[in-house]
Amino acid sequence: MTLALPATDDTRIWDIWLSMYQVPCLTVALELELFESLEAKPDSAEGLAERRHFNLRGLRALLPVLLQQGLLQMHDGCYHLNEHSRTYLLKSSAYYWGPFYSRTARTLASHKLLLESINNEQENKAKNLPVDGWESGHVDMELARQVTAFMNCHSVASAAGMTRSFDFAATKRMLDVGGGSGCLSIALAKARPAVSCTVLELPTICELVRQYVADAGVGSQVDTVVVDMFRQAWPSGYDTHFFSNVFHDWSVETCLALAKQSHAALPTGGRILLHEMLLDDGALTPKPAVLFSLLMAMGTRGQQFTFGQLREILETAGFRNVSCHHTYGYYSIVSGVR
Ligand SMILES: C[S@@+](CC[C@H](N)C(=O)[O-])C[C@H]1O[C@@H](n2cnc3c(N)ncnc32)[C@H](O)[C@@H]1O
């Protein structure tokens, strides 16, 4: 009954998808003359954001990508140009590639989106992104269908993987908060016939989850509850709260509010589990998480986190014994005990 483990992990497929955000990083950096700014004064993300009036969250996501691309170097907490950027990315150089990339930028929707994420003035402009619906609690069926299928693809292999690598023995009833297609609950239900799971989601998504659950044949173990996690009370009676790719959509403050809400709803000894693609300490590596974080800066209110950042959020909310386990592909689970 257990979902078969894929023949190989999904990291190659992730790498190909995430690679499409590499070019907009360069087109945006060129358009905003970031290389000229760092040539004039090597700086931290904070210093550069202040000097150029840029959005700090956006810049904190962009600069590590340029570092990973080998276009910048880091010394004493400041980003510096290197021979590649100095030779090809400064307007004053005879070998400048700017006009080439600015022509390329015109064909990229993600260029505009990233540019808006870095430019402070644009920060509050409605972009009609899924996160706008998540924040308001209203997602129409067409968008729900598209986004849920998208999430299902990127989570289903790691769902199969985590049921083997993470110890779910203590879990009897799991609330899968913002559970998307339900694929993580479905995988757990298949791996552990004694476990029951509830996918907590917005109304249109719950409707879709019921179909995914029926198709998987786990209707006796997985149900749904329509709850707007920001506005409505969470159901009780669960020993585990599971959040997969949920914290990465929100600010630290919102994540803390979610963690506190979870803490209040869990019984003593209950667990919170955060399934995320983690950044290394320092938040400058590894490349996939750095690129995924950039995508979060462009399309959500969030970012990828380091284990240390998630531990701080969970401990502030009152959780103890916070630990981290690599589970599958690029994914890990950070757990805390109430
Ligand atoms: C990035 S997706 C993650 C889906 C799934 N957990 C996964 O890893 O594949 C975030 C999910 O949070 C849900 N969500 C966002 N805002 C919500 C809200 N206000 N109440 C309940 N669910 C919400 C979305 O519908 C979406 O399915």
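Here goes a summary of the coordinates provided. Think of each chain on its own: its residues are numbered from 1, step by step along the sequence as written. Where local features are concerned, this predicted model is filtered to residues with pLDDT of at least 70; where side-chain atom pairs are given and counted, the filter is 80 or more; whole-chain, interface and lining totals use all residues. Side-chain metrics rest on all non-hydrogen atoms present in the structure, leaving aside hydrogens and water.

### Observations regarding the packing of helix α13 (residues 252-265) against helix α15 (residues 307-317)
Stated precisely, the cut-off is as follows: Angles run from 0 to 180 degrees between N-to-C directions of axes, and those axes are lines fitted to C-alpha atoms, restricted for helices to the stretch in contact. Where helices and strands are cited, they refer to DSSP runs of H or I of at least four residues and of E of at least two residues respectively, numbered from the N terminus. Oblique is the label for every angle not falling under 35 degrees (roughly parallel), over 145 degrees (roughly antiparallel), or within 65 to 115 degrees (roughly perpendicular). Should the near helix be turned counterclockwise from the far one by less than a right angle, the crossing is left-handed, whereas a clockwise turn marks it as right-handed. Contacts between residues were defined by any pair of non-hydrogen atoms, one from each residue, lying within 4.5 Å. Basically, the charged four are Asp, Glu, Lys and Arg, the nonpolar ten are Ala, Val, Leu, Ile, Met, Phe, Trp, Tyr, Cys and Pro, and anything else, Gly included, counts as polar.
Orientation of α13 relative to α15, taken along the N-to-C sense of each, is 45°, at an axis distance of 8 Å. Considering their axes alone, α13 and α15 lie oblique with respect to each other. Crossing of α13 over α15 shows right-handed handedness. Counting all contacts with α13, which are made through Val252, Cys255, Leu256, Ala259, Lys260 and His263, the residues of α15 involved are Ile313, Leu314, Thr316 and Ala317. Classifying every residue of the contact of α13 with α15 gives 7 nonpolar, 2 polar and 1 charged.

### Observations concerning the pattern of salt bridges
Where we set the bar: The salt bridge definition used is simple: a Lys or Arg side-chain nitrogen within 4 Å of an Asp or Glu carboxyl oxygen. Summary of the burial criterion: residues with accessible area below 20% of their type's maximum are buried, those above 50% are exposed, and those between are partly exposed, where the area comes from a 1.4 Å probe applied to protein chains only.
Taken as a whole and assessed by the stated rule, the structure comprises 9 salt bridges. With its nearest N and O atoms 3.0 Å apart, the salt bridge here joins arginine 51 to aspartate 43. Of the residues examined, aspartate 43 reaches a relative accessible area of 5% and is grouped as buried. A salt bridge links lysine 112 to glutamate 116, with the nearest nitrogen and oxygen atoms 3.3 Å apart. Linking lysine 112 with glutamate 116, this pair stays in helix α8 (residues 109-118), spanning 4 residues, or about one helical turn. Judged by its relative accessible area of 7%, glutamate 116 is buried. In this structure, a network of salt bridges that share partners links the residues Lys41, Asp43 and Arg51.

### Side note on unusual backbone geometry
Note that the residue after threonine 285, namely proline 286, is joined by a cis bond; omega there is -5°. Among the structural elements, proline 286 can be located in the loop between β7 (271-277) and α14 (287-299). Look at glutamate 33: it is not a glycine, yet its phi comes out positive at around 55°. A relative accessible area of 31% means that glutamate 33 is categorised as partly exposed. One non-glycine residue, histidine 53, adopts positive backbone phi at about 60°. As for its position among the elements, histidine 53 is in the loop between α4 (45-52) and α5 (56-68).

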